[in-house]
Amino acid sequence: MLLVDTAKQLADFMGYFNSNLAREAGRLVDWREKFWSRRYRAIVVSGEEGAQRERLKYVLSDGAKEGLVGDPRHWPGVHAIRPLLDGDPAQGIWFDRTQEYAARRRGEEFERLRYTTPYSVTLSPLPCWEDLPAELQRQRIAEIAEEIGAEAAARQEEKGIVPIGADAIRRQDPHQRPKKTKKSSAPLFHAGSKRVRGDLYNIYYVFVAAFREAAEKLKAGNRNAAFPIGCFPPCLAGTYFGRPAVPVL
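Residues numbered from 1 in each chain as written. Predicted model: local features only at pLDDT ≥ 70, side-chain atom pairs only at ≥ 80, totals over all residues. Heavy atoms only, no water.

Moving on, we come to the overall build of the protein chain. Looking only at helices and strands, one finds seven helices and six strands in the protein chain. The helix and strand sequence of the protein chain, counted from the amino end, reads α-β-α-α-β-α-β-α-α-β-α-β-β. Its C-alpha radius of gyration of 23 Å places the protein chain more than 25% over the 18 Å reference for a compact globule of 249 residues. Its C-alpha atoms give the protein chain principal-axis dimensions of about 65 × 65 × 45 Å. Each of the 249 residues in the protein chain was classed as buried or not, and the buried ones make up 21%. Across the protein chain, contacts joining residues at least 24 apart in sequence account for 56% of those joining residues at least 6 apart. (Helix = DSSP H or I, 4+ residues; strand = E, 2+ residues; numbered from the N terminus. Rg over C-alpha atoms; globule rule 2.2 N^0.38 Å. Buried < 20%, exposed > 50% of the residue type's maximum accessible area, 1.4 Å probe, protein only. Contact = heavy atoms within 4.5 Å.)

In structure tokens, the structure reads:
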């Protein structure tokens with residue numbers, strides 16, 4: 001889960017994060033085509049403990065629910081479950097590609113880690129668990145991990161398959177494409193009860209109605225039309241993201 005103050009803050013962060021991640025991952029595997037299959041979409045998660053726990057379990061199941069490893073803790077790459085269980089921050093390195101580019105322009109030869117900065121990323125608890133003692137938080141994460149492992153083992157036994165394991169995962173060709181991919185529409189919300197889901201839909205419908213009403217006023221020439229909080233007003237003709245358009249000669 002990601003907590004933000006405004007919709008713009010979320011959009012700016014995800015645009016920055018996804019673009020840089022795509023470039024860095026593409027650099028590692030020589031991937032020069034489109035990286036993400038579809039645009040990022042934020043989905044609201046209700047404040048219910050059940051909804052938040054289910055979303056966390058879904059994320060932590062990566063690797064195990066696909067039958068690649070028997071336990072998410074065995075995933076050979078980056079995974080949130082280990083720092084959440086251990087309570088230690090995740091360690092990473094930021095490569096300053098701007099400085100690297102400037103160094104190459106100067107004809108400078110440098111080692112791979114010359115222009116890097118180490119970073120520690122501390123994962124915060126779920127909002128519904130933030131008041132719990134740290135030990136109890138880790139205990140609940142451990143319970144989720146046990147559930148994931150048990151469910152993965154049951155699926156493997158039912159289908160008669162064996163996880164390929166960490167070594168086989170490392171040997172995978174990143175350019176290999178699956179013959180068939182699963183595509184499904186994303187839900188508008190994640191909620192733990194029918195009542196809360198209904199409340200979220202009603203709020204959404206009110207939001208959409210207010211946006212459309214303001215958009216019609218703006219289209220009619222009212223530049224003071226009040227748009228609902230959290231939206232991105234449409235651009236007027238002759239503007240580019242809210243700024244006057246500049247002709248290109």
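So, next bit.
Among the nonpolar cores identified, the biggest contains 13 residues, and Leu 56, Leu 60, Trp 129, Ile 141 and Ile 144 are the most heavily contacted of them. Those elements that provide at least two residues to this core are α2 (49-60), α3 (81-86) and α5 (134-159). Tallying contributions element by element places α5 first for this core, with five residues. Once residues lying within four places of it in the same chain are set aside, the contact partners of Ile 141 are Leu 56, Leu 60, Leu 84, Leu 85 and Trp 129. Counting residues in hydrophobic clusters, the runner-up holds five residues, among them Leu 218, Ala 225, Phe 227 and Cys 231. (Core = buried A, V, L, I, M, F, W, Y, C linked by side-chain atoms within 4.5 Å.)

Okay, unusual backbone geometry next. Most peptide bonds take the trans configuration, and most residues that are not glycine carry a negative phi. Although it is not a glycine, Asp 30 adopts a positive phi angle of roughly 55°. Mapped onto the elements, Asp 30 comes out in the loop between α1 (7-29) and β1 (44-45). Classification of Asp 30 by relative accessible area gives partly exposed; the value is 48%.

Judged by side-chain polarity, Leu 2, Val 4, Phe 13, Phe 17, Leu 21, Phe 35 and Trp 36 come together as a nonpolar surface patch covering roughly 580 Å² of accessible area. Relative to the elements of secondary structure, Leu 21 occurs in helix α1. (Patch = residues over 30% accessible without salt bridge, like charges linked within 9 Å, V, L, I, M, F, W, Y side chains within 5 Å. Areas by Shrake-Rupley, 256 points an atom, 1.4 Å probe, with all protein chains shown as cover. Salt bridge = Lys/Arg side-chain N within 4 Å of Asp/Glu carboxyl O.)

Now for the packing of α2 against α5. A pair of packed helices is captured by two measures, namely the crossing angle of their axes and the spacing between those axes. The N-to-C vectors of α2 and α5 enclose an angle of 55°; their axes lie 10 Å apart at closest approach. With respect to α5, the axis of α2 lies oblique. The crossing of α2 and α5 is right-handed. Side by side, α2 and α5 meet where Glu 49, Arg 53, Leu 56, Lys 57 and Leu 60 of the first sit next to Arg 140, Ile 141, Glu 143, Ile 144, Glu 147, Ile 148 and Glu 151 of the second. (Axes fitted to C-alpha atoms, helices over the stretch in contact; angles between N-to-C directions. Parallel < 35°, antiparallel > 145°, perpendicular 65-115°, else oblique. Left-handed = near helix turned anticlockwise from the far one by under 90°.)

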